[in-house]
Amino acid sequence: MTNLRIGHGYDVHRLVEDRALVLGGVEIPWKLGLLGHSDADVLTHAVMDALSGAARLGDIGKLFPDTDPAYKGISSMKLLARVGSLLQEKGFAVVNIDATLLAQAPKVGPYRAEMENRIAAALDMDPERVNVKATTEEGLGFTGDSSGMAAHAVVLLEKVN
């Protein structure tokens, strides 16, 4: 029996006015933000879903339902730290995280290292094991016309006890 588990996560949120744009725990100055029950950090939500899936915890909707007022406006970094605690309780360590943001704008390159550092800090792991990428969809679809943003994440967990 193997001690490794792979997880994939996906999330999507609509872009709206009068909301902060938070990606990977970093508030990015821009004219639009993501709509959601929490801070709607689409990148961190994809990472949480990947981690939850690999550890067989369900998904973030099960762990942090949007019907629960306790999660209204909450920082996704707090939720990610909670997922990290659940992983430890189940005896898992994160080997690595590879996440991709799909968004036409804004450019997030200047914020990538900070996103990686914040994700790593929430999980108490080395930032060298977290990779964040971003791509446009060249004007195609809801991410291409700036109606929303999406993110994918792939993680590898190791059972350590």
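You'll find the structure just up there.
Thresholds applied
Residues numbered from 1 in each chain as written. Predicted model: local features only at pLDDT ≥ 70, side-chain atom pairs only at ≥ 80, totals over all residues. Heavy atoms only, no water. Pairing = 2+ DSSP bridges. Helix = DSSP H or I, 4+ residues; strand = E, 2+ residues; numbered from the N terminus. Buried < 20%, exposed > 50% of the residue type's maximum accessible area, 1.4 Å probe, protein only. Lys, Arg positive; Asp, Glu negative; His and termini not counted. Salt bridge = Lys/Arg side-chain N within 4 Å of Asp/Glu carboxyl O. Polar contact = N/O pair within 3.5 Å; in protein donor to acceptor, adjacent residues only side chain to side chain. Contact = heavy atoms within 4.5 Å. Expected span 1.5 Å × (residues − 1). Phe/Tyr/Trp six-rings, centres within 6.5 Å; stacked < 30°, edge-to-face > 60°. Lys NZ or Arg CZ within 6 Å of the ring centre and 35° of its normal.

(A) Layout of the sheet that holds strand E4 (residues 33-34). Strand order in this open sheet of 5 strands is E4-E1-E7-E5-E6, and the pairing throughout is mixed. Unpaired on one side and paired on the other, E4 and strand E6 (130-135) mark the two borders of the sheet. The pairing of strand E1 (residues 4-16) with strand E7 (residues 148-159) spans 11 bridges and is antiparallel. Looking at E7, one finds that Tyr10 is bridged to His152.

(B) Focus on the side chain of Asp41. Mapping Asp41 onto the fold places it in the loop between E4 and helix H1 (42-54). One buried charge, Asp41, has no salt-bridge partner; the nearest side chain with opposite charge is Arg118, at 8.3 Å. Polar side-chain contacts of Asp41 include one of 2.8 Å to the backbone nitrogen of Gly25. Residue contacts for Asp41: discarding those within four places in its chain leaves Val22, Leu23, Gly24, Gly25, Ser76 and Met77.

(C) Highlighting the pairing of E1. In the sheet, E1 pairs with E4 via 2 bridges, with the strands oriented antiparallel. Paired with Leu15 across the strands is Leu34, a residue of E4.

(D) Structural detail: helix H3 (residues 76-89). If you check H3, its first and last C-alpha atoms are 20 Å apart, about what 14 residues at 1.5 Å a residue would give, namely 20 Å. Among all positions of H3, only Ser76, Met77, Leu79, Leu80, Val83, Gly84, Leu86 and Leu87 are buried. Capping the start of H3, Ser75 holds a side-chain oxygen 3.1 Å from the backbone nitrogen of Met77, two or three residues further along. Residue Gly91 follows H3 closely and has a positive phi angle near 85 degrees.

(E) Representation of unusual backbone geometry. Cis geometry marks the peptide bond from Ala105 to Pro106, where omega comes out at 0 degrees. Looking at the element boundaries, Pro106 is found in the loop between strand E5 (92-102) and helix H4 (112-122). A positive phi angle is found at Glu138, which is not glycine, with a value near 50 degrees. On the secondary structure map, Glu138 appears in the loop between E6 and helix H5 (141-144). Unusually for a residue other than glycine, Ser146 sits at a positive phi of about 65 degrees. With respect to the helices and strands, Ser146 occurs in the loop between H5 and E7.

(F) Seen up close, the packing of aromatic side chains. Inspection of every chain in the model, using the stated rule, returns 1 aromatic pair. Centroid distance Phe64 to Tyr71: 5.4 Å. Interplanar angle 80 degrees. Geometry classified as edge-to-face. Across the pair, Tyr71 and Phe64 agree in class, each one buried. Above the ring of Phe92, the side-chain terminus of Lys159 is found at 4.7 Å from the ring centroid.

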